[in-house]
Amino acid sequence: MHTNRSNGARTPWPTRIGVTGGVLGLLLTTAACGGDDGGAAADGGTTRDDGPVTMRMSWWGSDTRHAATQELIDLYESQNEGVTIEGDFTGFADYWDRLATSTAGGDAPCLMQQDTRYVREYADRGALLDLTPYIEDGTIDTSDLDENVAETGAVEDATYAIPTGVNAFSVVIDPAAYEAAGVPVPDGSSWTWEEMVDTAAQVTQATGGEVYGMQAMGLNGGDTNFEVYAREQGEALFDENGEIGFTTETLADWWAIEKRASETGAEPPPATTVEVFNGGVDQALVATGNGASGFWWTNELPALTAGAGSELEFRQFPTEEGDGETGMYLKPAMFWAISSDCESPQEAAMLLDWLINSEDAVNIIKADRGLPVNTELRDQIAPTLDAPGQAAVAFVEEITPGLQDPPALPPQGAGEVQSILQRYTEQILFDQVSVEDAAEQFMSEVESAIA
Amino acid sequence: MSSTLDVPSRERSHDEAPGTTGRAAPRGRKWWTARLTPYLFLAPWFAGLLFITAGPIAASAYLSFTDYSLIGAPEWIGLDNFQRMFDDPRFYQSLKVTFIYVVVSVPLQLAFALFLAMILDRGLRGLALYRSVYYLPSLIGGSVAIAILWRQIFGSDGLLNGVLRFIGFENPPGWVSDPDYALGTLIILNVWTFGAPMVIFLAGLRQIPTMYYEAASLDGAGKVRQFFQVTLPLLSPIIFFNLVLQTINAFQTFTQAFIVSGGTGGPADSTLFYTLYLYQRGFGNFDMGYASALAWFLLLIVGGLTAINFFAAKYWVFYGD
């Protein structure tokens, strides 16, 4: 900005500052709006050979996971010069808001933790990179991955996501709570749904409501919980074509179990149930010593045990017949996927491979993202896990022969199912709707969600 | 808009500044700079208005006519989103919750604010302190921290129930986890943030000349009569102002419900505020087109109610002269 000093009528300072400020303001906001155009380069995109590479990596989880993942990032950066990874993490619920908005802005993280419910949501809309070429050229090695789940990130001929590990949705019980109440500790291989509710009600009664027998099934992992029940009946939440795979009768039957559990006092009163659920794993009845059983993922046992003060055990799901033929399945705990906007997909693929296949990485993260999907490394770290971690390994091994195949990736809109199920469960518990009406309405709401 | 118009004129004033000779008189130049300066200072704000407010508003107007998943490209579907609202039970539920909230909490909040303003208006010592203390909830009431605290206090085993049990209530309800009470609890939270209207009422009360009260009391009017015959009519423009403002505010309530229900609007949709539902559709369910349509419908509702408010004002607001 050149001004002629001799000119008496030079622009006054305030104006000049105003001009500069104004232009700056304009520039800044324009820049903020511009974002990046997200033009994904062909082939491998930019790699470390082209100069320093910076990638964003996102995940959801607990504090333990954040710390462990940061450790992973530090280690990878030290082993791979020229690669910088920016970590981006939140809790589960906020994660999806954030991922959706950053994807919309063309600014999705290169490597993202994904969930079964959302893989197709993103893949079908072209937001995820097809990993097939990287698997074929060996960048991502899938040879040691657990066969049960290795293919679970595939949609038709493309693979959009690689599982991080496996876990199973199961019943977690506190044997001491049953014993203290003078109720026989349930035997997972033969118990029925009726027995589960009855014994739970006895626990509540015997302890005068100090300890509740069970925690609500419609809230806790509700959609997975129902999926296991539907599969026991030979149905499914969604079939292979992504259509609804269950009948209203099955859903109504399942809710009737819940209703009975609530009415017989097997479960806490509805308001308490809602609060316990909102408190997450930390406030779980079995974790606070206020409950005898609940439905949890096998990788949640360490967190549950931390608060419990007594030894918790896994049980298989109850069945209708008491024949132990449950609908349980080994589930890919979560996935890694690469954004189609990523500018250095080759680098992201190498990082992904390292996260699942390197001993260093698995030694750090252990079983936090599920029992490691690389079976060789899983066996290797198993003895190093803490007691609850080892219990999870043992339980998964024990039940694996009887498990069903994991379900295909659910259709777009599947992410809504849990919240719809939760809402109707609450309405049922608070006597606002009958189980039959709820089942009908649930059906039509899910139909329009996945349409 | 004005910021884009500024740019060329700003350039011009600069180009002229150094080398111009007799033609543009210094007076003219000063006149220009004097006129321009404020706008230049305002330019960052205008830029913000344009890009951060007006841009998204225009975008959402367009998106409301599209099917937009956030991830894919928007697809024009005309009025489908607006038609869909009328078949959407949760849309009605969110309207019901929001209307109950507005209709109950706004009058309560204003009454409470006026009540406290009148107490403070009696020339207490340390008035400034009281005013600040009472204003505090307004500053922090909408914050996440307070909503979390609220959830703790009103939990089944929270502070409130602890007190209730201590004084002999056997089974106090879960104030935020029982659908019969959750909305009421949020209404109380809103009433508690009475500070802003209270301060405005206080200023309004100061404006009422004491001679009216003197005259009224000479005529034998008691305190109650004075309140209804002097205070209320003379304060009515202020009441009206607060009413309009708080109504609009209440329609936009989001944070408290989001935190207290963990973003679900639960239990059983009993705290499903309109804005919360809008948020769920847009960011949780990949339904940004429908969410945009909901946002514009809310604008219509709030605009319509404000218009009604202004219309009704003719019959009860007294402007003195």
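Residues numbered from 1 in each chain as written. Chains lettered and ligands numbered in written order. Predicted model: local features only at pLDDT ≥ 70, side-chain atom pairs only at ≥ 80, totals over all residues.

Engineer: So, the overall build of chain A: which residues are in play, and what are the values?
Structural biologist: In terms of regular secondary structure, chain A is built from 18 helices and 12 strands. Projected onto its principal axes, the C-alpha positions of chain A cover 100 × 50 × 45 Å. In chain A, buried positions account for 50% of the 451 residues. (Helix = DSSP H or I, 4+ residues; strand = E, 2+ residues; numbered from the N terminus. Buried ≥ 20, exposed ≤ 12 C-beta atoms within 10 Å, placed from the backbone.)

Engineer: So what about helix H9 (residues 222-232) of chain A? Which residues, and what values?
Structural biologist: Side chains of residues three or four places apart in an α-helix project in the same direction, reflecting 3.6 residues per turn. Residue and element names in this part refer to chain A. Burial analysis of H9 places 11 of its 11 residues in the buried class, the great majority of the element. Those residues of H9 that sit buried are Gly222, Asp223, Thr224, Asn225, Phe226, Glu227, Val228, Tyr229, Ala230, Arg231 and Glu232. Close packing links the buried residues of H9 with strand E7 (165-173), helix H10 (248-263), strand E8 (293-297) and helix H17 (417-429). Backbone geometry just downstream of H9 places Gly234 in the positive-phi region, at approximately 80 degrees. (Contact = placed C-beta atoms within 7 Å.)

Engineer: Please give an account of the domain arrangement of chain A that cites residues and values.
Structural biologist: All names here are of chain A. Partitioning chain A into domains gives domain 1 (48-164 + 333-393) and domain 2 (168-331 + 413-450). The centre of domain 1, based on its C-alpha atoms, is set 30 Å off from the matching centre of domain 2. Each partner contributes to the interface: domain 1 provides 15 residues, whereas domain 2 provides 10 residues. Looking at the side of domain 1 that touches domain 2, the elements that each hand over two or more residues are helix H4 (116-123), helix H6 (147-150) and helix H16 (387-399). Broken down by element, the side of domain 1 that touches domain 2 gets its largest block of residues, four residues, from H16. (Domains from an automatic or database assignment.)

Engineer: Describe in detail the pairing of strand E1 (residues 53-60) of chain A, supporting the description with residues and values.
Structural biologist: All names here are of chain A. The buried count for E1 comes to six of eight residues, which makes it a mostly enclosed element. By the bridge criterion, eight bridges tie E1 to strand E2 (residues 83-90) in an arrangement that is parallel. Paired with Trp59 across the two strands is Phe89, which belongs to E2. The parallel pair E1 and E2 is bridged by helix H2 (residues 63-79), and the resulting crossover is right-handed. Pairing of E1 with strand E3 (residues 111-114) involves two bridges; the strand directions are parallel. Following the sheet pairing, Met57 is matched in E3 by Leu111. (Pairing = 2+ DSSP bridges. Right-handed = clockwise from strand over helix to strand, strands pointing away.)

Engineer: Which residues make up the nonpolar core, and what values do they have?
Structural biologist: Leu111, Leu304, Ile338 and Leu352 of chain A are the most contacted members of the largest nonpolar core, which totals 179 residues. When sequence neighbours within four positions are dropped, the list of residues in contact with Leu304 of chain A reads Val172, Val281, Ala284, Val286, Ala287, Trp296 and Leu312 of chain A. (Core = buried A, V, L, I, M, F, W, Y, C linked by C-beta atoms within 7 Å.)

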